[in-house]
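Examination of the molecular architecture
Below are the chains, spelled out letter by letter.
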2 protein chains.
Amino acid sequence: MATQTAPQRRASERERFDAYLATCPARKLLDRISDKWVSLLLNALADGPRRYSELSRTLAGVSQKMLTQTLRTMERDGLVARTVTPAVPVRVDYALTPLGASLLPIMTAIKAWAETHIHEVDEAQAAYDAGRF
Amino acid sequence: MATQTAPQRRASERERFDAYLATCPARKLLDRISDKWVSLLLNALADGPRRYSELSRTLAGVSQKMLTQTLRTMERDGLVARTVTPAVPVRVDYALTPLGASLLPIMTAIKAWAETHIHEVDEAQAAYDAGRF
DNA sequence: CTGCATCCTACCAGATACTG
DNA sequence: CAGTATCTGGTAGGATGCAG
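Residues numbered from 1 in each chain as written. Chains lettered and ligands numbered in written order. Predicted model: local features only at pLDDT ≥ 70, side-chain atom pairs only at ≥ 80, totals over all residues. Heavy atoms only, no water.

As named in an unreviewed UniProt entry, chain A is Winged helix-turn-helix transcriptional regulator, taken from Dactylosporangium cerinum.

The following block contains the structure:
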């Protein structure tokens, strides 16, 4: 019996690589902030707590499913705090935790790079596309 | 005739919001670097040009489809330069452009945050999960 | 060696409707 | 008001085979 076929070997390599990626802190972080809504929520909560319905209006494009889901994930990650005020009707506020707030400088850095260089990217794209016709 | 039904209004709001997002530089950037392979390629190319096959080996888990696709996108964005050396067999090298290299500090910042705070995230997750049983 | 085209699957986001 | 539950369609991404 042969050691391993090529596909088998690649599969196991892939497995090990995935395992490695799963433990890579930088990738774990990227997977989180890269989420479409996480970055927007980080921004929306940057200058103070917001109610669920406020967030829902601010991020006009989000479905409540994704809003809830994203907030839950961020809460689980310790990025936001959820406060329920028992009343009728119920009131729920979300706020950044210190950990969540410590992410803001990074978002700012990304924003800064983007605003400085995005036109270069656009030009590169235009040039690239031009060469293809 | 009524102005708009609720679903219609939400749909058009969503449309406008999507349009806004599409023009948001920071989001455009995030969409790019958040890509699983882009960040890894940025790293792999950080200290010099690499051949296609080298990259393929370094990023053990990538399918050649994704490798090629990702490299193409990065080339289009002006982040990497592609150099073909006509020979038999063909030789293709990829290198970071200055624009691509200017992204490295951001990746470093992300990595730094991740390494500093990831254990807090892990703890938060553990605490959160513990509360649910 | 490098890369494209095709097919195929698994996952995820959105719509919708219902609950405390 | 602030969610939860379920269904479904689109799409990202892997496998495979062929080509320059």
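The end-to-end C-alpha separation of helix 7 (residues 104-130) of chain B is 37 Å, in line with the 39 Å expected for 27 residues at 1.5 Å each. The largest bend in helix 7 of chain B amounts to roughly 50° and is located at B:His117. Of the positions making up helix 7 of chain B, those classed as buried are B:Ile106, B:Met107, B:Ile110, B:Trp113, B:Ala114, B:His117, B:Ile118, B:Val121, B:Ala124 and B:Gln125. Summarising the contacts, the buried residues of helix 7 of chain B are in contact with helix 2 (25-33), helix 5 (64-76), helix 6 (98-101) and helix 7 (104-130) of chain A together with helix 2 (25-33) and helix 3 (36-44) of chain B. (Helix = DSSP H or I, 4+ residues; strand = E, 2+ residues; numbered from the N terminus. Expected span 1.5 Å × (residues − 1). Bend = angle between axes of the 7 residues up to and from the residue. Buried < 20%, exposed > 50% of the residue type's maximum accessible area, 1.4 Å probe, protein only. Contact = heavy atoms within 4.5 Å.)

A separate point is the interface of chain B and chain A. Listed as interface residues are 47 residues of chain B and, on the opposing side, 47 residues of chain A. In this assembly, chain B packs against chain A so that about 4200 Å² is buried in total across both faces, 69% of it on carbon and sulfur atoms. Linking chain B with chain A are five salt bridges, by the criterion used here. Residue B:Lys36 is joined to A:Asp18 by a salt bridge in which the shortest nitrogen-to-oxygen separation is 4.0 Å. (Buried area = accessible area lost by both parts, 1.4 Å probe. Salt bridge = Lys/Arg side-chain N within 4 Å of Asp/Glu carboxyl O.)

The next thing to look at is the nonpolar core. Among the nonpolar cores identified, the biggest contains 63 residues, and A:Leu55, A:Leu59, A:Ile110, B:Leu55 and B:Ile110 are the most heavily contacted of them. Sort the elements by how many residues they give to this core and helix 7 of chain B lands first, with seven residues. Setting aside residues no more than four positions away along its own chain, A:Leu59 makes contact with A:Trp37, A:Leu40, A:Leu41, A:Ala44 and B:Phe17. (Core = buried A, V, L, I, M, F, W, Y, C linked by side-chain atoms within 4.5 Å.)

Moving on to the packing of helix 2 of chain A against helix 7 of chain B. Where helix 2 of chain A meets helix 7 of chain B, the closest approach of the two axes is 7 Å, and the angle between their N-to-C directions is 85°. Taken together, helix 2 of chain A and helix 7 of chain B sit at an angle that is classed as roughly perpendicular. In this structure, helix 2 of chain A uses A:Pro25, A:Ala26, A:Lys28, A:Leu29, A:Leu30 and A:Arg32 to contact helix 7 of chain B, whose residues at the interface are B:Met107, B:Ile110, B:Lys111, B:Trp113, B:Ala114, B:Glu115, B:Ile118, B:Asp122 and B:Gln125. (Axes fitted to C-alpha atoms, helices over the stretch in contact; angles between N-to-C directions. Parallel < 35°, antiparallel > 145°, perpendicular 65-115°, else oblique.)

We now examine the protein's contact with DNA strand D. Near DNA strand D lie 17 residues; those nearest to it are A:Gln64, A:Arg82, A:Tyr94, B:Lys65 and B:Met66. A share of 62% of the atoms of DNA strand D within 4 Å of the protein falls on sugar and phosphate groups. The contact in question runs from a phosphate oxygen of DNA strand D to an N or O atom on the side chain of A:Arg72, over 3.2 Å. One nitrogen or oxygen atom from the side chain of B:Lys65 is found 2.5 Å from a base oxygen belonging to DNA strand D. Contributions of two or more residues to the surface near DNA strand D are made by helix 4 (52-58), helix 5 and strand 3 (91-96) of chain A together with helix 5 (64-76) of chain B. Class assignment of the residues belonging to the surface near DNA strand D gives a composition of six nonpolar, five polar and six charged. (Near = heavy atom within 4 Å. Polar contact = N/O pair within 3.5 Å; in protein donor to acceptor, adjacent residues only side chain to side chain. Nonpolar A, V, L, I, M, F, W, Y, C, P; charged D, E, K, R; others polar.)

A rotation about an axis combined with a shift along that same axis relates the two copies of the chain. Under the fitted operation, chain B is carried onto chain A by 0.0 Å of movement along the axis and a turn of 180°, and the coordinates agree to an RMSD of 0.1 Å. This pairing of chains is accounted for by a two-fold axis. Of every C-alpha in chain B, the one belonging to B:Ser34 sits nearest the axis of rotation, 2.5 Å from it. Taken as a fraction of all interface residues of chain B, those also at the interface in chain A reach 100%, which identifies the copy contact as same-surface. (Least-squares fit on C-alpha atoms with pLDDT ≥ 70 in both.)

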